[in-house]
Amino acid sequence: MYELTIWLEIHLKIKSPNKMFCQCPNEQNFDTLMPNTNICPVCTGQPGALPTLSKQVVMQSLKLGKALNCHINRESRFDRKSYFYPDLPMWYQITQLYQPTNVKGKVHFFLDNFEKEVSVHILDAHMESDTAKMIHESGKALIDFNRAGTPLVEIVTNPDFHSSEEVVDFLKELQRIARYNSISDADLEKWQMRVDVNISIKKPENTELWTRVELKNINSFWMIKRAIEHEY
């Protein structure tokens, strides 16, 4: 018998009037928006464009940190995560790798019809800007920059999960927290909440986890549960 260990990276789209570093509207539903209409030199990565951090995005991030019982760092900073892909207009993503705003949180939730309480530790909940959206149709790759630069908070948990049921119930609790506090609509079908699931196994008598497998960008509770069980 092998013991299952899971940890999560959840990307939560923040509700704010504007994008993270520019004045373009922070649209919540891209399905009804004409492609490449909410764009400017900043969010399309034009040379010489100067980003300005949105106060509303920072306040929403701090609100989420408090809701997740995080320690709020008095000093935080942004970092560049460089990779080269067409949906990233600057060729780097602005994120918080080394000094995030929110760290060392804890979330309590219930299993088995509220008969069992479970606690999950939050490593950090850091701000980062989203990428553009690639659309593949008729043998072509198209890019819609409306999503580029929209604000996210990435919530990284500790490896505290040992079943797919624990993962799904935690994500439902996180969705409730985000909606109750008007931080995010957290609609998975609209990609306002998407989850990277990290899975490892080990023998019960061992302490060291074996090779990690990461399942990227899943946007359905049902698919997350099935993916975990299939990979296990």
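Computed from a predicted structure; not experimentally measured. (Residues numbered from 1 in each chain as written. Predicted model: local features only at pLDDT ≥ 70, side-chain atom pairs only at ≥ 80, totals over all residues. Heavy atoms only, no water.)

Colleague: It is not clear to me how the pattern of salt bridges should be interpreted in this structure. Could you clarify?
Modeller: Oppositely charged side chains are able to pair whenever their charged atoms sit close together. Within the structure shown, the criterion is met by eleven salt bridges. In this structure, R77 engages D79 in a salt bridge whose closest nitrogen and oxygen atoms are separated by 3.5 Å. Between R147 and D130 there is a salt bridge, and its shortest N-O distance comes to 3.6 Å. Highlighted residues: R147 in the loop between strand 8 (140-144) and strand 9 (151-157) and D130 in the loop between strand 6 (116-129) and strand 7 (133-137), separated in sequence by 17 residues. Assigned by exposure class, R147 and D130 land together as buried. One connected set of salt bridges, linked through shared partners, spans D196, R212, E214 and K216. (Salt bridge = Lys/Arg side-chain N within 4 Å of Asp/Glu carboxyl O. Helix = DSSP H or I, 4+ residues; strand = E, 2+ residues; numbered from the N terminus. Buried < 20%, exposed > 50% of the residue type's maximum accessible area, 1.4 Å probe, protein only.)

Colleague: How should helix 1 (residues 55-67) be read in this particular structure?
Modeller: One turn of the α-helix equals 3.6 residues, which is why residues spaced by three or four share an orientation. Across its 13 residues, helix 1 extends 18 Å between first and last C-alpha, which sits within 8% of the 18 Å expected from 1.5 Å per residue. Taken residue by residue, helix 1 has V57, Q60, S61, L64 and G65 as its buried positions. Burial along helix 1 is one-sided: seen end-on, the buried residues are contained in an arc of 145°. Opposite the buried face of helix 1, by more than 90 degrees, sit the exposed residues K55 and K66. Those residues of helix 1 hidden inside the fold are in contact with strand 1 (3-13), strand 2 (71-72), strand 5 (102-111), strand 6 and strand 9. Of the residues one or two after helix 1, N69 is the one with positive phi, at around 60°. (Expected span 1.5 Å × (residues − 1). Arc of directions from axis to C-beta. Contact = heavy atoms within 4.5 Å.)

Colleague: What should I look at first to understand a nonpolar patch on the surface in this one?
Modeller: There is a patch of nonpolar side chains on the surface, built from M1, Y2, W210 and Y232 and spanning about 500 Å² of accessible area. Mapped onto the fold, M1 is located in the segment before strand 1. (Patch = residues over 30% accessible without salt bridge, like charges linked within 9 Å, V, L, I, M, F, W, Y side chains within 5 Å. Areas by Shrake-Rupley, 256 points an atom, 1.4 Å probe, with all protein chains shown as cover.)

Colleague: For this particular structure, what's the right way to read unusual backbone geometry?
Modeller: Glycine aside, negative phi is the norm for most residues, and most peptide bonds take the trans geometry. Phi angles above zero are rare outside glycine, and N36 is one such case at about 60°. With respect to the secondary-structure elements, N36 resides in the loop between strand 1 and helix 1. By relative accessible area, which is 32% here, N36 ends up partly exposed. At N217, a residue that is not glycine, the phi angle is positive and equals roughly 55°. Assignment of secondary structure puts N217 in strand 11 (residues 213-218). Note on N217: relative accessible area 37%, which makes it partly exposed.

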